[in-house]
Amino acid sequence: MDADHAELVVAAQAGDDRAREELIAAYLPLLYNIVGRALGGHADVDDVVQETLLRVVRDLPALRAPESFRSWLVSITLRQINTHWHRQRASADRTTVIDEACQLPDAGAESEDVTILRLHVSDERRRVVEARRWLDPDHQALLSLWWQECAGSLSRDEIAAATGLTVAHVGVRVQRMREQLELSRTIDAALQADPRCPQLDETVAGWDGRRASVWRKRIARHTRDCPVCMAATTAERVPAERLLLSLAPLTVPAGLFAALAAKGLLSGTAASAVGTATGGSALHGSLIGKFSALTAHPVVSLATGAVLVAGTVTYAAWPEPEHRAPGVVAAPPTSAGPAPVSPSAVAATVPLGAQSLVAVDDPNLYLTYAGDFATLGPVSASSNAQTRQRATFTVVEGVADPRCVTFRAADGRYLRHRDLRLRLSTDDGSELFREDATFCPRPGAVADSVTLRAHNYPGSVLRHRDGGIWLDGSDGTRAFAGQASFFVRGAKTLQQ
């Protein structure tokens, strides 16, 4: 938070009404967007915002660190969101679930849905909003905070302070939320398919339309192993963070200004000032700046929601490790194996040709695969031919970017990420396949090792955990760095 706002906090604590109003006006758009996104445009959004501000004003004198006002405000906001959800659950048994099959909004429809239908935004953007409703409540709140982080209005440190967690723990929780969001997008696509899979119809028989975790898990078990449903979800999928940024920030409604003025939280002048400002908050200003840069780029298509960013435009994506190193990373074959690369080097290389990837934190484990999924397994020169063959990949120039690399297995399939997990897939000729199957090497955690970043998720890297290889964002820990680093070994290593 800048010094001016810290000074406003001190003045407001001393009883300066004008300072208090300026502080509320400055942070109202951020507060409204956190609550609005977490509650999905629920009719109670305005009430939750008002209750939050009343508690902020009441407890402001007790705030000991004025410079931490933003994270303190977010912490109070999260508590009020949780209070709202508790009230909703308490009354759930006394209400009837409205049939959500009808897509036409009525007078009580969620504001976000109405906006989506009115502006005819892309199906991908609609689905990422629909998928949000499948998330667990705590993940919905975390998605709202991550949304603001992508937009530049909250830092990871501020989110950690607001939630009472470490930065590393926040990173883990955000990653779990992203996985659940991607799974939910797959579920929504399968449910919306026309025609829908007959077996999926049997799976959801008796479903009351409530997006509950038990049904999310039940539907996911079916879609994960169903070729019909997976075929319905293979359309090119834009990364969620880019879709979030392609949705305009929620505008604080005029009625809320009037309600705040009536409660004495804002004067008419302050309400008018914040209501007419187009970039009066860090959230709005940062989004406007990002969209100015994006729309000026020749490869951007906001009509489809496919925001492809390159050159000097900043990716609004996952936080990246400290060593950000551009450069040409593919290298020609060499019998001597990979050249030594230190973690501080400009770029890491993966030689073209037959290569194997060995886990840095356990040199006895090689990247291999079981069925369709990549995993780690023990492999040595004494292993049988099939085991050694599965741990050997042909490295070629990246199919989406020749500066990066693509890995082809002996059976002709390629390593690609899907739903944030590394798996093997045939080349279907799509742009999505090319992006998913392209990885850009960067220096790993130790000398002579590499970290493989996804070409279309530039802040995420391949990392082994939970028995698989996943696409994760760094949590800044040494353990993560080790799990995301690999030694490159030539084919001769596994030859008898």
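Refer to the structure printed above.
These numbers come from a predicted model, not from an experiment.

Parameters at a glance
- Residues numbered from 1 in each chain as written.
- Predicted model: local features only at pLDDT ≥ 70, side-chain atom pairs only at ≥ 80, totals over all residues.
- Heavy atoms only, no water.
- Axes fitted to C-alpha atoms, helices over the stretch in contact; angles between N-to-C directions.
- Helix = DSSP H or I, 4+ residues; strand = E, 2+ residues; numbered from the N terminus.
- Parallel < 35°, antiparallel > 145°, perpendicular 65-115°, else oblique.
- Contact = heavy atoms within 4.5 Å.
- Nonpolar A, V, L, I, M, F, W, Y, C, P; charged D, E, K, R; others polar.
- Salt bridge = Lys/Arg side-chain N within 4 Å of Asp/Glu carboxyl O.
- Buried < 20%, exposed > 50% of the residue type's maximum accessible area, 1.4 Å probe, protein only.
- Phe/Tyr/Trp six-rings, centres within 6.5 Å; stacked < 30°, edge-to-face > 60°.
- Lys NZ or Arg CZ within 6 Å of the ring centre and 35° of its normal.
- Pairing = 2+ DSSP bridges.
- 1 Å grid on protein atoms, 1.4 Å probe; cavity = no way out; pocket = protein on both sides within 12 Å on 5 of 7 lines; lining within 4 Å.
- Points joined across faces, edges and corners; volume = space filled by probe spheres on them.

A. Structural detail: the packing of helix α8 (residues 156-163) against helix α9 (residues 167-192). For the pair α8 and α9, the least separation of the axes is 9 Å and the interaxial angle reads 95°. By the angle between their directions, the pair α8 and α9 is classed as roughly perpendicular. Of the residues in α9, those in contact with Arg-156, Asp-157, Ile-159, Ala-160 and Thr-163 of α8 are Val-167, Val-170, Gly-171 and Val-174. A breakdown of the residues in the contact of α8 with α9 according to their chemical character gives five nonpolar, two polar and two charged.

B. The pattern of salt bridges, seen in detail. A full pass over the atoms with the stated rule returns 19 salt bridges. A salt bridge links Asp-136 to Arg-216; its shortest N-O distance comes to 3.0 Å. One end of the pair, Asp-136, is in the loop between α6 (123-132) and α7 (137-151); the other, Arg-216, is in helix α11 (residues 213-225), with 80 residues separating them in the sequence. A salt bridge links Asp-208 to Arg-210; the nearest nitrogen and oxygen atoms lie 4.0 Å apart. Classification of Arg-210 as partly exposed rests on a relative accessible area of 38%. Where salt bridges share partners, they join Arg-176, Glu-179, Arg-463, Arg-465, Asp-466 and Asp-472 into one cluster.

C. View of the packing of aromatic side chains. Throughout the structure, instances matching the rule amount to six aromatic pairs. Pairing Phe-69 with Trp-72 gives two aromatic rings, centres 5.8 Å apart and planes at 45°, and the pair type is tilted. Linking Phe-69 with Trp-72, this pair stays in helix α4 (residues 69-92), spanning three residues, or about one helical turn. Between Trp-207 and Trp-215, the aromatic rings sit 6.4 Å apart at their centres with planes inclined by 40°, giving tilted as the arrangement. A relative accessible area of 12% places Trp-215 in the buried class. What links up through ring pairs into an aromatic cluster is the set Tyr-27, Phe-69 and Trp-72. The ring of Trp-215 is capped by Arg-218, whose NZ or CZ atom sits 4.4 Å from the centre of that ring. Just above the ring of Phe-373 sits the side chain of Arg-421; from NZ or CZ to the centre is 4.3 Å.

D. How the structure looks around the pairing of strand β13 (residues 468-473). Counting buried residues in β13 gives six out of six residues, a clear majority hidden from the surface. Of the two faces of β13, the one holding Gly-468, Trp-470 and Asp-472 and the one holding Ile-469, Leu-471 and Gly-473 are both buried throughout. Hairpin connection from strand β12 (residues 460-465) to β13: two residues lie between these consecutive antiparallel strands, with Asp-466 at a positive phi of about 50°.

E. Main features of empty space enclosed by the protein. Within this structure, the stated rule accounts for four cavities of 30 Å³ or more. One number sums up the size of the second largest cavity: a volume of about 70 Å³. Along the walls of the second largest cavity sit Arg-20, Leu-23, Ile-24, Tyr-27, Leu-31, Leu-53, Val-56, Val-57, Leu-60, Phe-69 and Leu-73, which together make up its complete lining. Listing elements by their share of the lining of the second largest cavity, those giving two or more residues are α2 (17-38), α3 (45-59) and α4. For the lining of the second largest cavity, the residue count by class is 10 nonpolar, no polar and one charged.

F. A look at unusual backbone geometry. In this structure, Asp-448 takes a positive phi of about 70° despite not being glycine. Counting through the fold element by element, Asp-448 comes out in the loop between β10 (439-443) and β11 (449-454). What makes Asp-448 partly exposed here is its relative accessible area of 38%. Positive phi, normally seen in glycine, also occurs at Asp-466, with a value near 50°.

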